[in-house]
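# Coordinate inspection notes
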Amino acid sequence: MSLRLATFNIENLLSRFDFSGFRNQLKQDRVLRLFDVRSEAEYQRLEEARTIAHTDDTRQMSALAIADCDADILCLQEADNMAALQAFEYGYLFRMVGNGYRQKYLIEGNDSRGIDVAVLMREETRDGQQIECLEVKTHAALTYEDLDLFNDELALTSRPRDRIFKRDCLEVDLRIEGRPLTLYVVHFKSMGPARAGLDGRQATMAMRTAEARAVRHVIESRFGRGHTADKIFAICGDMNDYQEKVVILGDRRNGYEFVPHAEEMSALDILSHDGFVENPMSRRPVLDRWTLFHSRGPEEQHLCQLDYIWLSPALARRNASRVPEIVRAGQPFRTIFPAGQAVERYPRTGWDRPKASDHCPVVMALDI
């Protein structure tokens, strides 16, 4: 019995306009900076027109990327609300794949922008096995104090009663033709800008580390500490951290060099250091595990994996010969591909946008 499980940060699947750029240039779209906008009302009209014109191409590409996943169960990050999810599923995704995701689950989480994690599921797998959702549970209310996770590093940015998950850890209990599967869908704290002499990743590491500890606590509370290895579960989502990256050296004129680099520390070590879960992406070649291209100018460019389907030891053993797929056709043209990895982009893809997302969907065919 098998199914296809996917995760995808669809990026800002919103049902509202963001007009904050009129007063905060850091949030203003680069196109509008080219024009002399004299009033907030004028800015709002221009922002509405820009967003609507830009969104249709973007969402067609997002839908194409999801269609290429051909997943029975899809874990999404950055969905605004259920109305936005339903509008996208019907207006775009259903028209692309011809067989929509009728089961949809989203619970409002903690993100200040209102972007949430969600799960979409078919009623049956492509092999005709019934997919039943037994329970959906949010863990958004957990605080550092609840789990005794508050420490000096967190004190620099947080308070003891702050919520741990910057979005949520959505726990979804499923039954696939009578067999159990539990999913934990997450979207960890983003790296953000440099602060206090630290780069964006290091400045926010403590928050992601706490989120990883909290995910582990949730799972161990459910199955029993020391008794999780033989359970069938997966952790899916955008972890906003990595244990390795591929540094890109060189330039377009002279060519590029791709250098693998292992990180000394990652928040994800909490999940993997003792075999609590396995990252099946490690079964792919080291230069071919990335799901995101990062660039802060030519002096800082790398490829890394931010998007994960972590498998419990039992689920990893059951699928020891299977390798995750990465859908990269929705990447913008600015993404630098190692030799032999280039793909044909979706129609109308731009240098930077439109695009399906900066993130690549990850899909795993699993025997349950």
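Everything quoted here is computed from the prediction, not taken from an experiment.

Turning to the UniProt feature "domain: Endonuclease/exonuclease/phosphatase" (unreviewed entry) in the protein, a few remarks are in order. The sites that carry the UniProt feature "domain: Endonuclease/exonuclease/phosphatase" (unreviewed entry) are, in the present numbering, residues 66–359. Along residues 66–359 the backbone is 19% helical and 27% strand, and the end-to-end C-alpha distance reaches 12 Å.

To continue, consider the sheet that holds strand S8 (residues 233–238). Reading across from one edge, S5-S6-S7-S8-S13 is the order of the five strands in this open sheet, with mixed pairing throughout. Where the open sheet ends on each side, the last strands, each with one partner, are strand S5 (131–138) and strand S13 (307–311). Strand-to-strand twist across the sheet, computed as the mean angle between neighbouring axes with direction ignored, equals 20°. Pairing between S8 and S13: five bridges, direction antiparallel. Considered in S13, the bridge of Cys236 is made with Ile309. Contacting strand S6 (169–176), strand S7 (179–187) and S8, helix H5 (residues 205–223) runs over the sheet at an angle of about 160° to S7.

Our focus in this paragraph is the sheet that holds strand S3 (residues 103–106). Here six strands make up an open sheet; going across it, the order is S3-S4-S2-S1-S15-S14 and the pairing mixed. Each edge of the open sheet is held by one strand with a lone partner, namely S3 and strand S14 (325–326). Bridge count between strand S2 (residues 73–79) and strand S4 (residues 116–121): six bridges; the pairing is antiparallel. In the sheet register, Leu76 faces S4, and the bridge partner there is Ala118.

This part is about the pattern of salt bridges. The full count for this structure, using the stated rule, is 35 salt bridges. When the shortest N-O distance is used, the salt bridge between Lys104 and Glu89 registers 3.6 Å. Taken as a pair, Lys104 in strand S3 and Glu89 in helix H2 (residues 82–97) lie far apart in primary sequence, 15 residues in all. Residues Lys104 and Glu89 agree in their burial class; the two are buried. A salt bridge links Asp241 to Arg201; the shortest N-O distance between them is 2.7 Å. Here Asp241 is found in the loop between S8 and strand S9 (244–251), whereas its partner Arg201 is found in helix H4 (residues 200–203), with 40 residues between them in sequence. As far as the burial class goes, Asp241 and Arg201 line up, both buried. Overlapping salt bridges bring together Arg30, Arg334, Asp352, Lys355 and Asp358 as one network.

We now examine the environment of Met96. If you trace the backbone, Met96 turns up in helix H2. According to the relative accessible area criterion, Met96 is partly exposed, its value standing at 31%. Sequence separation between Met96 and Ala65 is 31 residues; the distance between their C-alpha atoms is 10.0 Å. With sequence-adjacent residues up to four places away left out, Met96 is seen in contact with Gln60, Ala63, Leu64 and Ala67.

If you trace the backbone, Asp168 turns up in the loop between helix H3 (152–155) and S6. Of note is the side chain of Asp168, whose polar atom sits 2.7 Å from the side chain of Thr138. Polar side-chain contacts of Asp168 include one of 2.9 Å to the backbone nitrogen of Ala140.

This paragraph deals with H5. Here H5 spans 27 Å end to end across 19 residues, near enough to the 27 Å set by a 1.5 Å rise per residue. Extensive coverage of H5 is indicated by the burial of 15 of its 19 residues. Immediately beyond the C-terminal end of H5, within one or two residues, lies Gly224, with a positive phi of roughly 100°.

The subject of this paragraph is the packing of aromatic side chains. One pass over the full model with this rule turns up ten aromatic pairs. Between the aromatic rings of Tyr184 and Phe233, the centroid separation amounts to 6.2 Å while the plane-to-plane angle is 85°, which identifies the pairing as edge-to-face. A residue pair is termed long-range when its members are at least 10 positions apart, and Tyr184 in strand S7 and Phe233 in strand S8 qualify at 49 residues. Ring geometry for Phe233 and Phe276: centres 6.0 Å apart, planes at 45°, overall tilted. Remark: Phe276 occurs in the loop between helix H6 (269–272) and strand S11 (292–295) and Phe233 occurs in strand S8; sequence separation between them is 43 residues. The exposure class of Phe233 is buried, given its relative accessible area of 0%. Given a relative accessible area of 5%, Phe276 falls into the buried group. Through pairs of rings, three or more aromatic residues link up here, namely Tyr184, Phe223, Phe233 and Phe276.

Attention now goes to a nonpolar patch on the surface. A contiguous nonpolar patch, built from Val31, Leu34 and Phe35 and spanning about 330 Å² of accessible area, is present on the exposed surface. Tracing the sequence through the fold places Val31 in the loop between strand S1 (2–13) and helix H1 (40–69).

Conventions adopted
Residues numbered from 1 in each chain as written. Predicted model: local features only at pLDDT ≥ 70, side-chain atom pairs only at ≥ 80, totals over all residues. Heavy atoms only, no water. UniProt positions renumbered as here; feature names shortened; annotations may be inferred. Helix = DSSP H or I, 4+ residues; strand = E, 2+ residues; numbered from the N terminus. Pairing = 2+ DSSP bridges. Axes fitted to C-alpha atoms, helices over the stretch in contact; angles between N-to-C directions. Contact = heavy atoms within 4.5 Å. Salt bridge = Lys/Arg side-chain N within 4 Å of Asp/Glu carboxyl O. Buried < 20%, exposed > 50% of the residue type's maximum accessible area, 1.4 Å probe, protein only. Polar contact = N/O pair within 3.5 Å; in protein donor to acceptor, adjacent residues only side chain to side chain. Expected span 1.5 Å × (residues − 1). Phe/Tyr/Trp six-rings, centres within 6.5 Å; stacked < 30°, edge-to-face > 60°. Patch = residues over 30% accessible without salt bridge, like charges linked within 9 Å, V, L, I, M, F, W, Y side chains within 5 Å. Areas by Shrake-Rupley, 256 points an atom, 1.4 Å probe, with all protein chains shown as cover.

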